Amino acid sequence: MKILVIPAWFPSNSKPHYVKWIIPHIKMLKDHGHDVFVIHIDFDTDCTQTQIEDEPGIRRVIVRERHPQRLQRVGFVYRNHLRIFQKYLDHHYHEIVSRWGVPDILHAHTSMPAGFCAARLARRIKKPVIVTEHFSGVHSDIKYPWRLKKYYRQTSEIAHGIYAVSPSLYSKMTGKKIHMDGCLPNPIDTDFFCREALAKQDKKVFNIVSIGNVSMRKGTDVLLQALNNLDSEIPWFCTIIGDDTHLNYFRRFIRPELLRSRFKFTGLVSQHMIRTYNQNADVCVVASRRETANVSMLEALACGTPVIATRCGGPESLLDDTVSLIIEPEDTQALVQALTSMYSSAASKYNADTNRKYVLDRYSIEAVYAKTLQVYQRAIEQVAEDDTYE
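Caption draft 1: View of the packing of helix 14 (residues 352–362) against helix 15 (residues 365–385). Orientation of helix 14 relative to helix 15, taken along the N-to-C sense of each, is 20 degrees, at an axis distance of 5 Å. Overall, the two elements helix 14 and helix 15 adopt an arrangement that is roughly parallel. On helix 15, the residues touching Leu 360, Asp 361 and Arg 362 of helix 14 are Ala 367, Val 368 and Lys 371. In terms of residue class, the contact of helix 14 with helix 15 is built from three nonpolar, no polar and three charged.

Caption draft 2: Region of interest: the packing of aromatic side chains. A complete count under the given rule lists 12 aromatic pairs for this structure. Aromatic pair Phe 116 and Tyr 151: ring centres 5.4 Å apart, planes at 75 degrees, arrangement edge-to-face. With a gap of 35 residues between them, Phe 116 in helix 3 (residues 111–125) and Tyr 151 in helix 5 (residues 149–158) connect regions that are remote in the sequence. Tyr 151 sits in the buried class, given a relative accessible area of 5%. Both rings, one in Tyr 249 and one in Phe 250, keep their centres 5.1 Å apart while their planes meet at 85 degrees; by these two values the pair is edge-to-face.

Caption draft 3: Broad picture of the pattern of salt bridges. Taken as a whole, this structure holds 11 salt bridges when the rule is applied. Residue Glu 328 pairs with Arg 311 through a salt bridge whose shortest N-O separation is 2.9 Å. Remark: Arg 311 occurs in the loop between strand 13 (307–310) and helix 12 (315–318) and Glu 328 occurs in the loop between strand 14 (324–327) and helix 13 (332–349); sequence separation between them is 17 residues.

Caption draft 4: Structural view of the sheet that holds strand 14. Sheet architecture is open: six strands sit in the order 11-10-9-12-13-14, paired in parallel fashion. The two strands at the open ends of the sheet, each matched to only one other strand, are strand 11 (263–267) and strand 14. Strand-to-strand twist in this sheet, taken as the mean axis angle between neighbours without regard to direction, amounts to 20 degrees. Note: strand 10 (residues 236–241) against strand 11, four bridges, orientation parallel. Looking across to strand 11, one finds that Ile 240 is bridged to Phe 265. Contacts between helix 11 (residues 295–302) and the sheet are confined to strand 9 (206–211), strand 12 (283–286) and strand 13, with strand 12 contributing the most and set at about 170 degrees to the helix.

The rules behind the values
- Residues numbered from 1 in each chain as written.
- Predicted model: local features only at pLDDT ≥ 70, side-chain atom pairs only at ≥ 80, totals over all residues.
- Heavy atoms only, no water.
- Axes fitted to C-alpha atoms, helices over the stretch in contact; angles between N-to-C directions.
- Helix = DSSP H or I, 4+ residues; strand = E, 2+ residues; numbered from the N terminus.
- Parallel < 35°, antiparallel > 145°, perpendicular 65-115°, else oblique.
- Contact = heavy atoms within 4.5 Å.
- Nonpolar A, V, L, I, M, F, W, Y, C, P; charged D, E, K, R; others polar.
- Phe/Tyr/Trp six-rings, centres within 6.5 Å; stacked < 30°, edge-to-face > 60°.
- Buried < 20%, exposed > 50% of the residue type's maximum accessible area, 1.4 Å probe, protein only.
- Salt bridge = Lys/Arg side-chain N within 4 Å of Asp/Glu carboxyl O.
- Pairing = 2+ DSSP bridges.

Given below as structure tokens:
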């Protein structure tokens, strides 16, 4: 099958760590023998260029174009952004067809602008299109009539399936009367994120890992305050992985002596380093205020590490109590209690093999591919049976 993938976001040379969760989606399709075409249109750039990458199984067109207008998610302003995105998508679609042939299906990741423009293109070329929604701000987009609600409705009217990346996002979208067809989670590369680790560096230390930029959205302040109040008898050490540009602001939330002796802020690191930290951690903490789905916690689980996560829009619908503790966001005392409980009972209550199996059964590349293939086949059948699709 030839599959055209149209992501709204993609890692770049300047942002190699940005939205890395898209890579397993493409790898999943390639590894199962499909020809994958990717068109990525990037307006967040200082240069103008088109780059074509051709490797076995994956053909990628990267369009970088300066967009002088500040992007606002207001209908009459965003309309121009959609128009420009559509122009480049249509142009490079025809370039892909001339080089590699016509795709069998289009798969857009995130409704705006990728899903909307992919749906309009699919209608013109009479091909099926599905959309996976990843954007956590979608609730605001559809809440107010002057935002982007009408564009979401138009996308849902054309697409042959719109899928949320987590059950909680699905519930929120359908609660706003936006049609969705189900859930398609992010796949986790469980061959890479595995339990084959070196022995724990220091079994006397309670190793905590938290993966995400140092920010209010990720709840860094809540995590630091909780660790500030953790029982002094607990020999903890915390590694925070992610962009730490704003670390100076967050120093106020933790005692200086703890910051010096009990923390490591790694900044942005490679996937190999993330795997190593996960493998040697006793718990992975997601203290976020808002998430659509959190890939990092599932990668930690695949390495055998249990999770503490907030009920912030994604994690609570992707985990259960056999592998995690779920707490309310912005509740420092609840996080203190969860960390204390995890320290005292993690070894007996949370089994590393069980943690890993939880991901293998639900979010591994094989598990997600089986669901994705069913979605593709259903969409292709819909187009074949619909004589009015034009």
